[in-house]
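Understanding the architecture of this molecule
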Amino acid sequence: MIQSVVVAGSGTMGAGIAQVFAQNGFDVCLVDVSANQLTQALQKIKISLEKLEAKKLVSDVQGVLARIKTSTDLAVRPLSDLFIEAVYEDLNLKKELFKKADAIFAPQTLFASNTSGLSIGAMASALSHSRALIGLHFFNPVPVMKLLEIVTSEKTTPKAVETAKWLAQKLGKEAIVVQDSPGFATSRLGICLAFEAIRMLESKVASAEDIDKAMVLGYGHPIGPLKLTDLVGLDIRLAIGNNLHQTLKQSQFEPPALLKTLVTEGALGQKSGRGFYSW
Ligand code: CAA
């Protein structure tokens, strides 16, 4: 079974994934090309753990932190049981990373991608024949959101699916199993709603606040689609939308002009201080 995990990419998702594994007793190494980014990730993890400690959901913050090591060297722990990538949503970047990792990690290390919707099968093409690959799609904020979307492709063995379900249970998540198809179940539906909300804002149907309020108070969503886009990152949602539009060729996935403009201007949502809202 899985005990040791290497997480590649220490952005919001990678840091959150490292945190939940460490919280649940796994030994984690968080790897990134940027040492500075790793330092920031550890700070975010500490803040999140302290919030959870205040609610008595975590009892030993220092103990959890001690289970998270960091490194800028992908080859730091080649014998780990699980390698999960959470780097930027770019298929070529992910394929390159998997190709490198394939040459480093032991043959029995299970490979996983946290992609929001890129093809698991296409990533698997970068791997040696015998290597199992599975999609383990977590949700932001990872320590809070209860879902783990398990994505299977031809390169996913039944054993890998069983391991993923076991992991979900160990991490306190509920699993769903989805076949490898663009955007899986979650991003495909989530992007439709977000893009329509952006098009409504473009055509001045209502303000950002009122469009969000419509979904929060009228439909019981925890947060409106525009604010959620700010939290996820406008660049991330644009990348997901571009992939869905290219692969499914359906007009609802065509990224709205306003989204493209904001991303070009560097308005990426909460992380940049401006998106559909000011932060
Ligand atoms: N760590 C620990 N606790 C956290 C946290 C974190 N990173 N982020 C939020 N929380 C806690 C807060 O401390 C707070 O606790 P209390 O209620 O006890 O005070 C609680 O969560 C709620 O937080 P807030 O009061 O700050 O704000 P909120 O009520 O709006 O809730 C939220 C925040 C849980 C994120 C909620 O807005 C929500 O559920 N939003 C929807 C999130 C969502 O849809 N995520 C999926 C995004 S898509 C994705 O991730 C996939 C992808 O591939 C891009």
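Residues numbered from 1 in each chain as written. Predicted model: local features only at pLDDT ≥ 70, side-chain atom pairs only at ≥ 80, totals over all residues. Heavy atoms only, no water.

**Topic: the side chain of Ser4**
Tracing the backbone through its elements, the reader meets Ser4 in strand β1 (residues 4–8). A relative accessible area of 16% places Ser4 in the buried class. Residues within four places of Ser4 in sequence aside, it is in contact with Asp27, Leu79, Ser80, Asp81 and Leu82. (Helix = DSSP H or I, 4+ residues; strand = E, 2+ residues; numbered from the N terminus. Buried < 20%, exposed > 50% of the residue type's maximum accessible area, 1.4 Å probe, protein only. Contact = heavy atoms within 4.5 Å.)

**Points about the environment of Thr109**
Looking at the element boundaries, Thr109 is found in the loop between α4 (91–104) and β5 (110–113). A relative accessible area of 2% places Thr109 in the buried class. Remark: the alpha-carbon pair of Thr109 and Ser80, spanning 29 residues in sequence, is separated by 6.3 Å. Ignoring any residue separated from it by four or fewer positions in sequence, one finds Thr109 in contact with Pro78, Ser80, Asp81, Leu82, Phe83 and Arg131. A polar side-chain atom of Thr109 sits 2.7 Å from the main-chain carbonyl oxygen of Ser80. (Polar contact = N/O pair within 3.5 Å; in protein donor to acceptor, adjacent residues only side chain to side chain.)

**So, the site of the ligand**
In the vicinity of the ligand there are 15 residues, among which Ser48, Lys55, Ser116, His137 and Asn140 approach most closely. In this structure, Ser48 approaches the ligand through a side-chain N or O atom, which is 2.7 Å from a nitrogen atom. A distance of 2.8 Å separates a nitrogen atom of the ligand from a polar backbone atom of Asn140. For the shell around the ligand, the secondary-structure elements that each account for two or more residues are α2 (35–54) and α9 (225–232). Among the elements that make up the shell around the ligand, the one with the highest residue count is α2 (3 residues). (Near = heavy atom within 4 Å.)

**A word on the packing of helix α7 (residues 186–202) against helix α8 (residues 208–219)**
In contact at an axis separation of 10 Å, α7 and α8 are set at 145 degrees when each is read in the N-to-C sense. For the pair α7 and α8, the sense of crossing is right-handed. Judged by residue contacts, Leu193, Ala197, Met200 and Leu201 of α7 engage Ala208, Ile211 and Met215 from α8. Its residues assigned to classes, the contact of α7 with α8 shows 7 nonpolar, no polar and no charged. (Axes fitted to C-alpha atoms, helices over the stretch in contact; angles between N-to-C directions. Left-handed = near helix turned anticlockwise from the far one by under 90°. Nonpolar A, V, L, I, M, F, W, Y, C, P; charged D, E, K, R; others polar.)

**Some points on the pairing of strand β4 (residues 82–85)**
Remember that side chains alternate between the two faces of the sheet whenever the strand is regular. Side chains of β4 alternate between two faces, with Leu82 and Ile84 and Phe83 and Glu85 buried alike. Two strands pair when backbone bridges link them, and β1 and β4 are joined in this way by 4 bridges, in the parallel orientation. Of the residues in β4, the one forming a bridge with Val5 is Leu82. As paired strands, β4 and β5 are joined by 4 bridges and run parallel to one another. When the bridges of β5 are listed, Ile84 appears paired with Ala112. A crossover links β4 with its parallel partner β5, the connecting element being α4, and its sense is right-handed. (Pairing = 2+ DSSP bridges. Right-handed = clockwise from strand over helix to strand, strands pointing away.)

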